[in-house]
Amino acid sequence: NCESLQQKLPGKRSHKTLASGGAPANCRPSCISFAILTLTAKFFFPLNVYTSSNLDTEPIPFDAPELAILICNSNVKHELSSSEYPVRRRQCQEALELMGLNSYRDATLEHLKALENANELLVRRARHVITEIERTKAAAEALKAKDFTKMGQLMTESHKSLSEDFDVSCYELDLLVEATVATRGVLGSRMTGGGFGGCTVTLVQRAALADVVKEMDTIYSRKTGGKYRARFYLAQPGNGARPIELGEYLR
């Protein structure tokens, strides 16, 4: 579920609480994702990245009542995501073939040496995928250890890679992340969803939530010259896509 925080900001019009089905298209509260890490129910479920054929999941508890998951909608539309992602897919596949591998699960940064004569763009695309897989593994371990400082650091590193190596961010998303991580009480932040606009997701101390929202709102409005106003939502873990029994809704 995704609760609007806009009504808690001074001078803003009130918005009702939004259920998961009522969130705006750019707001994906149940998708705090690295390449393969998704928040669902009270657990993070990372796909098993250690084999090429096994898609089993492992539930990892996310029990941190002192933390909040903040979604910020930049209100920048995803203008390029549909056309650019097939390009990224082709670039990643080309880099993989040049490295002589069948799967990025088998790739390490050492394999990038095989791309030394290739286009620098391919190097950056491959580097993002390789390091994102490693960040996902590290994030799973951080969550198991309840090391949320490390988790936040990995989120911010993920955004930097998405912005600089995968080129799927934009000025406004970078601005939001930069402003957010510089604010007291924030553990980490990154873009989420398709990129080229849309939302960021932030891990923040619950006690600092109001101050963080106010600071982000002020900085974002000022640095975009008032062109965009951010919308803020407090995300609650949900069960995600799953089989349901219709009987429970038809009684």
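- Looking up the chain in an unreviewed UniProt entry gives the name GHMP kinase C-terminal domain-containing protein, with the organism given as Anopheles arabiensis.

Comments concerning the pairing of strand 5 (residues 67-73)
Working step 1: With 7 of 7 residues buried, strand 5 lies mostly within the body of the structure.
Working step 2: Burial along strand 5 is two-sided: Leu67, Ile69, Ile71 and Asn73 facing one way and Ala68, Leu70 and Cys72 facing the other are all buried.
Working step 3: Sheet analysis places strand 5 next to strand 7 (residues 199-205), joined by 7 bridges and oriented antiparallel. Directly across from Ala68, in strand 7, lies its bridge partner Val204.
Working step 4: Where strand 5 meets strand 8 (residues 231-235), 5 bridges bridge the pair, whose relative direction is antiparallel. Note on strand 8: the bridge partner recorded for Ile69 is Ala235.

Here's the deal with the pattern of salt bridges
Working step 1: For the structure on display, the rule yields 11 salt bridges.
Working step 2: Shared partners join several salt bridges into a network, and the residues in it are Arg124, Arg125 and Asp167.

Points about the side chain of Ser161
Working step 1: Take Ser161: it is sitting in helix 3 (residues 148-164).
Working step 2: Non-local contacts of Ser161, meaning those with residues more than four positions away in its chain, are made with His128, Thr131, Arg135 and Phe166.

Let's talk about the pairing of strand 7
Look at any regular strand and the pattern is simple: side chains alternate between the two faces of the sheet.
Working step 1: With 6 of 7 residues buried, strand 7 lies mostly within the body of the structure.
Working step 2: Bridge count between strand 6 (residues 186-192) and strand 7: 6 bridges; the pairing is antiparallel. Its bridge partner being in strand 7, Thr192 is matched across the sheet by Cys199.

Quick look at the environment of Tyr85
Working step 1: Residue position: Tyr85 is located in helix 1 (residues 81-98).
Working step 2: Given the relative accessible area of 30%, Tyr85 is considered partly exposed.
Working step 3: In this structure, the C-alpha to C-alpha distance between Tyr85 and Gly195, residues 110 residues apart in sequence, is 9.6 Å.
Working step 4: Residues within four places of Tyr85 in sequence aside, it is in contact with Phe166, Val168, Gly193, Gly194 and Phe196.

Description of the packing of helix 3 against helix 4 (residues 171-181)
Working step 1: It is at 11 Å that the axes of helix 3 and helix 4 come closest, and there the two elements cross at 155°. In this view, helix 3 runs roughly antiparallel relative to helix 4, as classed from their interaxial angle. Considering how the two elements wind past one another, helix 3 and helix 4 form a crossing that is left-handed. Contacts between helix 3 and helix 4 pair Thr156, His159 and Ser163 from the former with Leu173, Asp174, Val177 and Val181 from the latter.
Working step 2: Within the contact of helix 3 with helix 4, the residues separate by chemical class into 3 nonpolar, 3 polar and 1 charged.

Thoughts on the confidence of the model for the chain
Working step 1: Mean pLDDT for the chain: 80, with 74% of residues reaching 70 or above.
Working step 2: Segment residues 9-43: pLDDT under 50, and 99 contacts once partners within four positions in sequence are set aside and those in other chains are kept.
Working step 3: This stretch, residues 45-52, has a pLDDT under 50; its non-local contacts, to residues over four places away or in other chains, come to 28 contacts.

Looking at a nonpolar patch on the surface
Working step 1: Together, Ile244, Leu246 and Leu250 make up a nonpolar patch on the protein surface, roughly 340 Å² of accessible area in all.
Working step 2: Mapped onto the elements, Ile244 comes out in the loop between strand 8 and helix 6 (247-250).
Working step 3: Exposure remark for Ile244: the relative accessible area of 42% places this residue in the partly exposed category.

Regarding unusual backbone geometry
Working step 1: Backbone geometry places Asp167, a non-glycine residue, at a positive phi of 55°.
Working step 2: Here Asp167 shows up in the loop between helix 3 and helix 4.
Working step 3: Notably, Phe196 is not glycine yet its phi reads approximately 55°, a positive angle.
Working step 4: With respect to the helices and strands, Phe196 occurs in the loop between strand 6 and strand 7.

Focus on the environment of Ala182
Working step 1: Along the chain, Ala182 falls in the loop between helix 4 and strand 6.
Working step 2: With relative accessibility at 68%, the residue Ala182 sits in the exposed group.
Working step 3: Sequence separation between Ala182 and Glu215 is 33 residues, and the spatial gap between their C-alpha atoms is 9.9 Å.

Reading the values: rules and limits
- Residues numbered from 1 in each chain as written.
- Predicted model: local features only at pLDDT ≥ 70, side-chain atom pairs only at ≥ 80, totals over all residues.
- Heavy atoms only, no water.
- Buried < 20%, exposed > 50% of the residue type's maximum accessible area, 1.4 Å probe, protein only.
- Helix = DSSP H or I, 4+ residues; strand = E, 2+ residues; numbered from the N terminus.
- Pairing = 2+ DSSP bridges.
- Salt bridge = Lys/Arg side-chain N within 4 Å of Asp/Glu carboxyl O.
- Contact = heavy atoms within 4.5 Å.
- Axes fitted to C-alpha atoms, helices over the stretch in contact; angles between N-to-C directions.
- Parallel < 35°, antiparallel > 145°, perpendicular 65-115°, else oblique.
- Left-handed = near helix turned anticlockwise from the far one by under 90°.
- Nonpolar A, V, L, I, M, F, W, Y, C, P; charged D, E, K, R; others polar.
- pLDDT = per-residue confidence, 0-100.
- Patch = residues over 30% accessible without salt bridge, like charges linked within 9 Å, V, L, I, M, F, W, Y side chains within 5 Å.
- Areas by Shrake-Rupley, 256 points an atom, 1.4 Å probe, with all protein chains shown as cover.

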